[in-house]
Structure formats: C-alpha cells, structure tokens
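Notes for the structure review
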Amino acid sequence: MALSAGTRLGPYEIISSIGAGGMGVVYRARDLRLDRQVAIKLLPAEMAADPHARERLRREAMAAAALDHPYICKIFEIGEDNDTLFLVMEYIAGQTLHRRLVDGRMSLPDVLRVAGEIAEALQEAHAGRILHRDLKPDNIMLTQQGHVKVMDFGLAKRIEDAARPADDATVQMQGQLTAPGTILGTPDYMSPEQIKGQALDERSDLFSFGVILAEMISGRHPFRKPSMMETMAAVLRETPEMNGDIPQGLILVLRRTLAKDAADRYASITDMRADLARLADSGEAVADEKPGSGRIPSIGRDVELQQLLPAEIPEAGLVVASPPIHESHLRIAWRSLRTLAGTGRRSRTSAALALAVLVMAALAVWWLLPGGGYQATPEAVRWYREGVAAMRDGTYYKASMALEQAVRNDSTFTMAHARLAEAWMEMDFTAKARDEMLRATPPGSHPRLTRAEQSYVNALHLTLTGNFAGAVEKYRDIVSRTSGAEQANAWLDLGRAYERNEKLKEALDSYTEASQRQSQNPAAWLRLAILYVRQRDPDKAAGAFGKAEQIYRGLSNFEGVTEVLYQRAVLANRLGKSSDARAALAQALELSRHTGSLSQQILALLQLSAYECRVNNFTQAQADATEAIDLARVNGLENLTTRGLVDLGNAYFLKGDGEEARKYFEQSLEYARRYRSDRNESRALLSLGSLEMSRGQTDEGLRNVQQAMAWYVRGGYQKETAQALILIARAQRQKGDYAAALQSFEQQLEIGRKLGDSAQIALAEQGMGTVLQAQGHLPRALSRYQQAYEAARKTGDQLNAENDILDASEALWQLGHYDQARQLLEQCGSSTSRTVLALADQIRGAMALSQRQFPVAIETSRRLLSQKGLGADLEARIRSVLGRAQAAAGARREGVASTEEAVSLATKSGSPWLIAETRRAHAETLLAAGEDRRALQAAQFAQQWFARAGNQEAEWHCWLVESLAEVRLAEPAKSREAAQKAAALLADLRQKWDDPGNYNKYLNRPDVQFERNQLDKLVAGR
C-alpha cells in the first residue's frame, strides 16, 4: 500500500516516499518518541500477504541488527501495525553510489577512500559470520560528508548456512523467499558460484565488491549486457575491458578479486583491505605511475602476456625477492669487499677479502642449489608433488585437480601455478594457461626459484607466446642440468617442446631416450605412439600404445587408459578401420565419464561425430557434436565449445546443408573472438572459408582463409599453415589463377616434406596435378597424381587415395590409355564413399563417349542423374557427357537441353574451367543441332578461356568447332584460318608433352581420330 504524508505507523509519522525496490518501499519518517528522522521499509501491497516475503524482511532485520559499525546502516527495530510489517532504520541524507556513478567515473583518491570504507563494513559483517549476498551500488549510500553506509541486508545469511549443502526443505524455502520470478541476488553483481547455485562463503561478497570497484574506476559496469541471461553468461566467462589506463596495483587487486574461481580470490576481505590501504598509503594508484593494460582480471592475448611478463626470469643470483637473502645483501658484501680492498692494509685486506668471498660464495651456493628456492606450505607441496606425478604420467586432468589444490593452499607457490598452466595448456585451455602463468609470475614480482625452475618457467612462457624454438633451447638447458631419475622427465618435456616446434624426428629421439631411462614411464610410450601415428608407422604405434596401456592399467590410471583408447581410435580411422575406431571411442567415452574428465568426454564425443560423418550417418554425427557442445557450455569450457561448433558445422557441411553449416561456423567464430582464442578463431575461419569456396563465394572464402593463415605463420604453426595453403591454392585454381595456385601448392609441398607429413605431401601433389590437367599438361598431371597416391597410401588415408586413383584414371583415358584407366577404377569398386563411386561412373561415361560408344555413355549418365545429392560440379560434368552423346546419337535437341543445363550448373559452381568445358560441350551440341551462330559464339568463349589458361589440348577442339561453324555460315577464309590454328595447336602437343608415346596414344583415341579427319578436310579446303 502507498502511504501518504502524515500517515502513522505505530510511533512513526510518514514524511515522504524515498523510493521502491523489488522487496520493499522506503519512506522517510519521524520517530515521534525521540524526535529524529528515520527510514521505514515495508513490503509492497502485492507482497504484503505473502508470509515468505514477510519472513525475508524479518531476516534482514535480524542479520543487520547484529551489526554495529559506522559504515553500516543501523537497524533500530522491526514493527507491525495492522498486519503491516515494517523495518525502521537509520535515515541517511545523501545519494546512492549508483546515483554517483551515473554522473561519471570517480577520481582514484575517491575510489580508494570509498572502497576502503566498503571493505571495512564487509570486514565487520564477515567477522560477525554474515554474508551480504546482494552487494551493489544501489545498496551503498554516500552520506553528505561522503562516507559509506552499506545497507539492505535482505539477502544476508550466516556464513555457516551459506556453505552448508541445502536439504530439500531449505531449497523449497529459498525458492519461496525469492518468488515470484526473482533471482537470489542481483545478476549484474552476483559471483559465478552464486549464479551457479553453489555453496557460498566470504569470497562471494568479494567478487561483488570487485565488480563495484571496477565500475568506480572505469565509470561503467564490467559485465553488463542487454539481457539478464547475457549478463550472467558474461560474469561466468568473460574477461572485462576497462576504459583508460588503470594503475598496476589496482589491476592486481582486481585480478584477484574478480577471479572466476573463488579459490583464486583473496582469502578474506581483510587481505584485500590491506592491499587497498597499502595502495592508498603508497600513493601508487593516486600518482598513476604504473598504468596497466586496461584489461581485468586477466590478460588474454599473446602480446599482452609478453608485455606483462618478463621475456625471461633473470638467472639465479641477480634477483631474489624476500629475506633472508636479498639482492641488497650481495651488494653490501661487494661494496664491503671493494672498500677493504682499497685500504692498502694487505694482511687485513686479504683476510677480509677471503671472508667476503666466502660469504658471497655461500650465498650463491645457497641460491643455486636445489632447494634454495621458495619453500611452500607442506600441504601445498604434497598436492604439488601429486600433480607433477600426474603430469609425468600424461594424465593432465588429474594433474590439474591436484595443482589447483596446491595453489589454493599457497597462492604464492610459483611452480604450482606454472605446472597448472602447463596442465591447462596440454588440455588445450590456452586462455586459462595464460591466466595461470600470470599468477605464477605477476608483473613486478621476483619469484624465488632455483636455476632449473627458472629455466622451466621461462620455457613455459616462451611456449605460451608461440616461441617454440626458444622453448626448445630452455628445455635442452634443463636436460643438461638434470641427473638421475629426473632425467627421464626432462627428456619427456624436451620431446613435447620439439613436437610443438614440428621437429618430429628430434621429438621421437627425446621420447625414446625418456622411455629407455625409465621404462615404466607411460607418458613417454604414449607420446611415442602418437608420433608413430603421425609418421604413418602403425606397427610401431600399436606396440607403443600397448606398452602405455599396460602401464596405465597397472597404475589404475584410467585417465591414461582413456587417452590411449582415444589415440588408438585416431590410428584406426587413418587406417580405414572404422568399426575399430568406433569401438575404441565408445570405450574412451565410458571411461572418461567414470573418471570425470570433461575434456576427454567432449573430445571423445567430437571424434564420434567425425566418425559418423565419414560413414554418412549425419543425424548421429549432429547428435554427438551437440551433446559435446552442451557439455562444454554448461561447464564453461569455451575452447571446447568453439571446437564443437566447428565440428557440428562440418557435419552439416558434409551432409550438404550449407546454411546450417555456416550458422555453426559463425557461432564458433563469435565464441572464439569473445573469449579471445586466436587459435580457435583461425580454425573457424578456415572452416568458414572452405564452405564459402565450395559455394562459389571464392573471394570471401579466400579472405577468411588468408586471415587464418597469417596467424598460423606468426605463431609458427607449420601444419596449420599447410592446411590453409591448400585451401588458398584451391581458391586460386577455382578463379583460374593457375600460376598462383601452383605456387601455393608448392609452398604446401615444401612444408609437408619439411615435416615429413605424407598427408600434406599427398594433398599438395594432387592439387598440382589438377592445376596441370586444367592447363592441358596431361602427362605431368598424371605423374603428380601417381606421387599423390603413393603418399596417401603410406598414410592409410583410403578416401584420398581413392580420389588420387580417380584423378589418375581420368588423365590416363584422356591420353588414350583406356585399359589402364579401367584397371584403376576397379580399385574403387569397394569404396564406402558414394561420391567416389559416382565419380568413377562419371569417368566411365566420359570414356564411353571418347570411344564413341554413345548408348553406353547415355545409359551411364542417366543412371547417375537418378541419384540424389550429386553436387553442382559433378552433375554439370555428367550432363555435359550426356548431351554430347545424345547429339552424336541423333537426339540433337535433347543434347542441346542437357548441355544448357550443364552450363547453368557450372556457372553456379563458379569454376572457370568447368564453365569453359561445358561451353565447349554446348557448342558441339548446338553445331549438331544446326544452330551454327550460337555454336560459334559458345566455341569462341571456351577457346578464349582455354587460351588464357594455356590448355592447348582443349583449345584445338574449340577451333575445330569454330571452323565447322564458319563453313556453314559461308565464311571459308575464316573457317580455313580456324582450322589451321587447330592443327598447329594439335601438333604442338607433341613437344609440350615431351613424350611421343603419350602423344601417339592420344592421336589414336576414336574421338580424336574422328575430329582429325574433319580437321584435315577443313585445312585442305574441302
């Protein structure tokens, strides 16, 4: 109900309304007994009858009344008048912090003063075991004197209750107290754990305080989005941006306060308050001497990481951070030494010199020897050792869990943070790894480490910033400094560094060394197996997998067993053993669910999706990918969400649903950019570019792929660079820019050979073959296809090997080697790919046409056209063969209609070569149908394109059609000129192909013989 001025509530008289909120209306009133102004809060009329809302108001009074502090709004009493429940509190003249922030950002001195008072109020509440749970600028008043008053403990709860798992009755009561349709807390300021409905402690209020602090500094809310759900998602996942420069000290405070994981925040408001006070006292923030990057709480991109972290942590003895040994001690000793040396008193100087040298040597030895670094708490050390042991076993999920416990127990344990960063990196959580690395070596810190530890941290920093070659040198240094049982692990680390740098032979040697020094090291055997898979050595891979699995099972390490199963599935897929791959992935998925390794679950589901795509079960592929994406999203695994969206898009892409594929590729791209994952962004750009190229949007696709490749080149990712190059080359080929396409394929081939990657070699050789064939270099194209087939066969890639067979068979029949072409096509008869089978039949139809077996060509083409999902390119080629066979067999009008449709399909595909080829076929059918003028025009179009491409083999056919058309159009001179050009081009093929055998075989083709007879008559003028 609304109360007017003068209304009485017990001993209180209403003066005016102050405002209203979701849980109460507030009035300014006068206490008639004590003649003082107070504020009265009562429930809105629509909620007054709700017993649960009334209970919430009582709870607010009970919680806040227990607090007595100058920066907390005082509660005087809770009263009731005619069933109207109200709360009487201190009246505060001033404005809310929200109102103050509307006017703009605050000065840094004001920020520190206000933040310090809020912190003091929270410290009082937490000392009384009370959480606020709804801290926000609307609930913070600034008095006319500028002091803070924290108010509205309507969501307050005792810490013990907030941390206790709720029983069913409690859950039901909480649901009633927050009804109707409200969320417990204000989404803009809730902590991640509050949004997730998890147990809370003091650190939840700290997060809310951090949001307010960020808003005071920058003048804007760091997470707020257009909708409540978007805001909540941002709180859970996003790293906020800040306007302007932020003092470095405040960046560090905000980083800890706004950490997504409560364990990474300040342990208490007392610690945070101490840092704020130190900043205010030192004047660092006020003077703004150390401006930060403007990003909180973590730095995401490589360049920012490089700016905030030193290029290397200085070697031992130069920088030490804390007593009892400090750089100043060494300097004092050195100054003393110099002073004594200059006294001229040789005996005393010698003694002093000896003493000083001994002291300095002792200090240096203390620092350099193992154990001279930071001494963590015993509990942290225990978790650290467990985490490192798991790392050495190659079980990174287990390692991450242990190392997280280590840093919770000791937040300044540099090596625990660094090892945790490595675990995140191995699981492909690059952003988390970067953030953890910043916690390991915060800007301005001087971690106390042994020399080996320094080398390790520097190596990890170089890896995270893409300097893989530099990381290799650091790990080599570690190997040289390590002895005994630790050497096996050092060799293992060096192997991973080589592997990231694509030095596979060196990586293989390192893993072999590790396995020899410690035969029961499962990670060494697992990495050996993975490299054998990459090198297409299935027998050695199987043996290493078996050894790794045996050790993992003996250790009851099921995360390791899961990884073996997953990698075995990769091998089975490459060998074309689909059923084996499916079985291994199903086992991996079941085990990962048992161990709780989310990343392994998601990766297994994505591999299952890829498997279902290969066997054309697109519905199940989409279901598997969708399940993986949902699992990643729910658990905030943005990198795997991004990867899953790409895989789901690929499922639709292979299914032929380009629009759905585009939708998921674009979602993946948006996710990657939102969460600053450059590598995932590049992967999404590659997929999107490939889709666009396949749909004829060549320029758009080329731009996306080139953007991705630029990042791969900068980061030294050679394998991914090669993948981008092949797409770029295909786009250039699609546009008819054959010189550029050949250059790109050659660059890809060079990378493939450098890496020893047979798959890349096969793709590059095949690509160059297609370019050479489009240019009419049939013998050279055939040689490339044969080399591509040999490389693909080594990899066990059955699908690419079959495509190479198809390409080679087409080049063979065009050269007149029909029998060899048929023998090759027989090898594709057992293919599981419908596309391969259809292409093989299309080639058979083209051979029948070349041999002038027109009924066979017509029947084969019609049978193919009865199939669905052929694709524009393939259908255009089929209709081209069909139309020419129909026209030659006497069905001239049908032939013209078929080739017209072929031209239309080729135009949609955007392939210049296919457009020219179908125009040539259309010219032939138009000529057969007596449409001489149109035939001449179509032949001229095709001839001009083939001439630009340098394809003499196709061009001479076009000149022949032109000559025949000119004869019918009564242009004998033009006809003879065209015929002479055709004859000259045909003769030049002998020299161009540089192989008389191939040339003679070509001349013996039945269709070529028929056309040569026509040509001879035209040249002779008959």
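Note that the structure is a prediction, hence the values are computed from the model and not measured.

The rules behind these values
- Residues numbered from 1 in each chain as written.
- Predicted model: local features only at pLDDT ≥ 70, side-chain atom pairs only at ≥ 80, totals over all residues.
- Heavy atoms only, no water.
- Buried < 20%, exposed > 50% of the residue type's maximum accessible area, 1.4 Å probe, protein only.
- Helix = DSSP H or I, 4+ residues; strand = E, 2+ residues; numbered from the N terminus.
- Pairing = 2+ DSSP bridges.
- Axes fitted to C-alpha atoms, helices over the stretch in contact; angles between N-to-C directions.
- Core = buried A, V, L, I, M, F, W, Y, C linked by side-chain atoms within 4.5 Å.
- Contact = heavy atoms within 4.5 Å.
- pLDDT = per-residue confidence, 0-100.
- Parallel < 35°, antiparallel > 145°, perpendicular 65-115°, else oblique.
- Left-handed = near helix turned anticlockwise from the far one by under 90°.
- Nonpolar A, V, L, I, M, F, W, Y, C, P; charged D, E, K, R; others polar.

**Some thoughts on the pairing of strand β6 (residues 84-90)**
Of all seven residues in β6, seven are buried, a share of seventy percent or more. Here strand β4 (residues 36-42) pairs with β6 via five bridges, running antiparallel. Looking at β6, one finds that V38 is bridged to E90. Pairing of strand β5 (residues 75-81) with β6 involves six bridges; the strand directions are antiparallel. Bridging from a neighbouring strand, I78 pairs with L87 of β6.

**Some remarks on the sheet that holds strand β10 (residues 148-150)**
Read across the open sheet, the three strands follow the order β7-β9-β10; overall the sheet is antiparallel. Each having just a single partner strand, β7 (94-96) and β10 make up the two edges of the open sheet. Here the average twist between neighbouring strands, direction ignored, is 25 degrees. The pairing of β7 with strand β9 (residues 140-143) spans three bridges and is classified as antiparallel.

**So, unusual backbone geometry**
Even without glycine at this site, R129 takes up a positive phi of about 65 degrees. Along the polypeptide, R129 turns up in the loop between α3 (108-127) and β8 (130-131). Overall, the relative accessible area of 30% leaves R129 in the partly exposed class. Of note in the backbone geometry, A970 takes a positive phi value of approximately 60 degrees without being a glycine. Within the element layout of this structure, A970 appears in the loop between α45 (952-968) and α46 (972-993).

**Side note on the nonpolar core**
Formed by 87 residues in total, the largest nonpolar core has its most connected members in Y384, Y456, L460, Y475 and F545. Among all residues touching Y456, those that are not within four sequence positions of it are M415, A418, R419, E422, Y475 and I478.

**Quick word on the confidence of the model for the protein chain**
Within the protein chain, residue pLDDT values average 81, and 83% of them lie at 70 or more. No element of the protein chain has a lower mean pLDDT than helix α5 (residues 168-177), at 30, and none a higher one than helix α40 (residues 854-865), at 96. Ignoring residues within four places in sequence, the model shows residues 285-372, a span with pLDDT below 50, making 141 contacts including any to other chains.

**So, the packing of helix α23 (residues 522-534) against helix α25 (residues 558-574)**
A pair of packed helices is captured by two measures, namely the crossing angle of their axes and the spacing between those axes. Where α23 contacts α25, the two axes come as close as 10 Å, and the packing angle between them is 15 degrees. Taken together, the axes of α23 and α25 are roughly parallel relative to one another. Crossing of α23 over α25 shows left-handed handedness. Note on element contacts: α25 touches α23 through E563, V564, Q567, V570, L571 and R574, opposite L526, I530, V533 and R534. Its residues placed into classes, the contact of α23 with α25 shows six nonpolar, one polar and three charged.

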